[in-house]
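# Coordinates in review
Single-letter residue listing:
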Amino acid sequence: MTQRRRLASLALAGAVLLGAGSVASAPPAAAAVTIGDVVVSPIADGLEDGFGRLVVEVSLQSSESIPDEIFNGVHNDVLSVQMERVDDAPWVTSSERPPQRLGWYALTRVSGTATDGVWRASITATPWHTGTWQVTQIETFAFDAIDVSDRGLVVELGDPAAGPQWVVQPVFGSPVKVVTGNEMWTPQARVTDRSDGTAVRAPWLPWRGGDPFNLPQSTLPSGTPLQQADATGYLALPAARVVGSEGELDRPVIHVYGRYGSRGYSWQAATTLFPYVKWQANSRFAVSGRTVTVTGNAWPAPSVYDAANTTIYLQRLVSGTWVTVATGHVRETGRYTMTWTGPAGQVTLRVYKPGGSANHGLDRSEGTKLASTTLVLR
């Protein structure tokens, strides 16, 4: 899996930013810390109003003083108290990668002493976090992550069977022929109601995929300037180069929000947009006896743009049907080579470069079929 595709998965599966803060000083590394009671409330929230406030309280005892604030989040991927999704999210479509982790970053002492007290934190969940979650680990500066998954701390958000009310999906137009990576494409998507497919004129904002640690907030205050899908649910970003300023990592991610009056905006849906690419190719045939060697180039070269599916086929026409007789792969340079030994006599061959998909269908390419050639094998 390429770095670009790993990032795309991260942008959808790991988009769980719910807050941030400054790093507090660490207690002595040798401090022995014991985790007492861990309480999450409420253990269920239907998210009917678009928001769900979750509070965690952790009882800690230590041989050394623990700071009044415990904070691990240098980036959004380090949680002081972590939950993981434990359902299979049956509502998820192929265009969605909902968060797999959720939790609390900063814990603040609310009672007791620095060596025997209770630390508390709160987060706001949204419909995009719909699902069943379990507290799996707790981590502070005083110790490595401690597994607490055996405590059965489970939280249910929204309706895990139905999912969030809205869904946003990519819109694929005509495929783009890519040679240099400077070609332009227009990222587009559509927001619809998950249950019946009707259009939703929803507020949204884009996030560029080049920076996985600077994600939008799950909730936004009232008055935040957001764009809005049109009356048919469609939205579009300005035309951009296939390979953006951040290279192949530069992918727009669409975040859709619901508007809840003075309470602000709540995260409802998300998807990542990739160019829809048209493969192109040429071919050169060489015959030695009954052995055929075909070489050529395919565009885009993977070194320029990592289009989905680098497989390429050599096919023979047999009784009116094209049958694959050899396969190869487009190399980083864009070149390919295939070799086949056939029967003596006349054969009709062609090169077929199929399209494909990656990132669960978000990243697509369209194939091409080259003109056939007839050869005589001896």
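Given the structure is predicted, the values throughout are model-derived calculations rather than measurements.

Thresholds applied
Residues numbered from 1 in each chain as written. Predicted model: local features only at pLDDT ≥ 70, side-chain atom pairs only at ≥ 80, totals over all residues. Heavy atoms only, no water. Helix = DSSP H or I, 4+ residues; strand = E, 2+ residues; numbered from the N terminus. Buried < 20%, exposed > 50% of the residue type's maximum accessible area, 1.4 Å probe, protein only. Contact = heavy atoms within 4.5 Å. Areas by Shrake-Rupley, 256 points an atom, 1.4 Å probe, with all protein chains shown as cover. Pairing = 2+ DSSP bridges. Phe/Tyr/Trp six-rings, centres within 6.5 Å; stacked < 30°, edge-to-face > 60°. Lys NZ or Arg CZ within 6 Å of the ring centre and 35° of its normal. Polar contact = N/O pair within 3.5 Å; in protein donor to acceptor, adjacent residues only side chain to side chain. Axes fitted to C-alpha atoms, helices over the stretch in contact; angles between N-to-C directions. Salt bridge = Lys/Arg side-chain N within 4 Å of Asp/Glu carboxyl O. pLDDT = per-residue confidence, 0-100. 1 Å grid on protein atoms, 1.4 Å probe; cavity = no way out; pocket = protein on both sides within 12 Å on 5 of 7 lines; lining within 4 Å. Points joined across faces, edges and corners; volume = space filled by probe spheres on them. Nonpolar A, V, L, I, M, F, W, Y, C, P; charged D, E, K, R; others polar.

Per the secondary structure count, the protein includes one helix and 34 strands. Residues counted as buried form 51% of the 378 residues belonging to the protein. A fraction of 72% describes how many contacts in the protein between residues 6 or more apart in sequence connect residues 24 or more apart. Summed over all atoms, the accessible surface of the protein reaches about 16,400 Å², with 49% contributed by carbon and sulfur.

Right, let's get into the pairing of strand E25 (residues 284-288). The sheet contact formed by E25 and strand E26 (residues 291-299) spans five bridges and is antiparallel. For Phe285, the partnering residue across the bridge sits in E26 and is Val294. Hairpin geometry of E25 and E26 is characterised by an intervening segment of two residues between the two adjacent antiparallel strands and by a positive phi of about 65° at Gly289.

Under the criterion given, the structure shown has five aromatic pairs. Ring plane angle 65° and centroid distance 6.0 Å describe the contact between Trp91 and Trp128, whose orientation is recorded as edge-to-face. Placement of the pair is Trp91 in the loop between strand E5 (81-85) and strand E6 (101-104) and Trp128 in the loop between strand E8 (116-125) and strand E9 (131-140), with a sequence separation of 37 residues. Exposure class is identical for Trp91 and Trp128. Each is buried. Through a chain of ring-to-ring contacts, three or more aromatic side chains come together here, namely Trp91, Trp128 and Trp267. Positioned above the aromatic ring of Tyr352, the side-chain terminus of Arg350 is 5.9 Å from the ring centre. In this structure, Lys353 packs its charged tip against the face of Trp279, placed 4.1 Å from the ring centre.

To continue, consider the side chain of Thr130. Note that Thr130 resides in the loop between E8 and E9. On the basis of relative accessible area, Thr130 is assigned to the buried category, the value being 3%. Engagement of the side chain of Thr130 in a polar contact is seen with the backbone oxygen of Pro127, the distance being 2.6 Å. When sequence neighbours within four positions are dropped, the list of residues in contact with Thr130 reads Leu47, Arg85, Trp91, Leu157, Gly158, Asp159, Pro160, Gly163 and Pro164.

Quick look at the sheet that holds strand E15 (residues 188-193) now. Taken in spatial order, the three strands line up as E12-E15-E19 in an open sheet, and their pairing is antiparallel. If you trace the sheet from one side to the other, it starts and ends with strand E12 (166-170) and strand E19 (234-236), each paired once. The sheet shows a mean angle of 25° between the axes of neighbouring strands, direction not considered. Of the strand pairs in this sheet, E12 and E15 are connected by five bridges, and their pairing is antiparallel. Each residue of the ladder has a partner; that of Val168, found in E15, is Val191.

Scanning the entire structure with this criterion turns up six salt bridges. For Asp68, the salt bridge identified is with Arg109, shortest N-O distance 2.9 Å. Taken together, the residues span a long stretch of sequence, with Asp68 in the loop between strand E3 (52-62) and strand E4 (69-71) and Arg109 in strand E7 (residues 106-112) at a distance of 41 residues. Relative accessible area serves as the criterion here: at 45%, Asp68 is assigned to the partly exposed category. Judged by relative accessible area, Arg109 falls into the partly exposed class, the value being 26%.

Turning our eyes to something else, we now look at the sheet that holds strand E1 (residues 33-41). Taken in spatial order, the five strands of this open sheet run E1-E3-E8-E7-E4, and their pairing is antiparallel. Since the sheet does not close on itself, it has two edges, and those belong to E1 and E4, each with one partner. Across this sheet, the average inter-strand angle for adjacent strands is 25°, counted without regard to direction.

It is worth spelling out the side chain of Arg85 at this point. With respect to the element layout, Arg85 can be found in strand E5. At 3.3 Å, the side chain of Arg85 and the side chain of Asp87 are in polar contact. Within the structure, the side chain of Arg85 is placed 2.8 Å from the backbone oxygen of Thr130, a separation counted as a polar contact. Ignoring any residue separated from it by four or fewer positions in sequence, one finds Arg85 in contact with Trp91, Pro98, Pro99, Gln100, Trp128, His129, Thr130, Gly131, Thr132 and Trp133.

Looking at the protein, the pLDDT average stands at 88 and 86% of residues meet or exceed 70. Note that pLDDT drops below 50 for residues 1-30; the model gives that stretch 88 contacts with residues more than four away or on any other chain.

Quick look at the layout of surface pockets now. Unfilled space is identified by rolling a water-sized probe across the atoms. When its volume is computed, the largest pocket comes out at roughly 210 Å³. What lines the largest pocket is a set of 15 residues, among which Leu47, Pro127, Gln165, Tyr260 and Gln268 lie closest to the centre. By residue class, the composition of the lining of the largest pocket is five nonpolar, seven polar and three charged. Approximately 160 Å³ is the volume found for the second largest pocket. Around the second largest pocket sit 14 residues that line it, and Val171, Gly173, Trp185, Thr186 and Tyr276 are the ones nearest its centre. The residue inventory of the lining of the second largest pocket, partitioned by class, reads 10 nonpolar, four polar and no charged.

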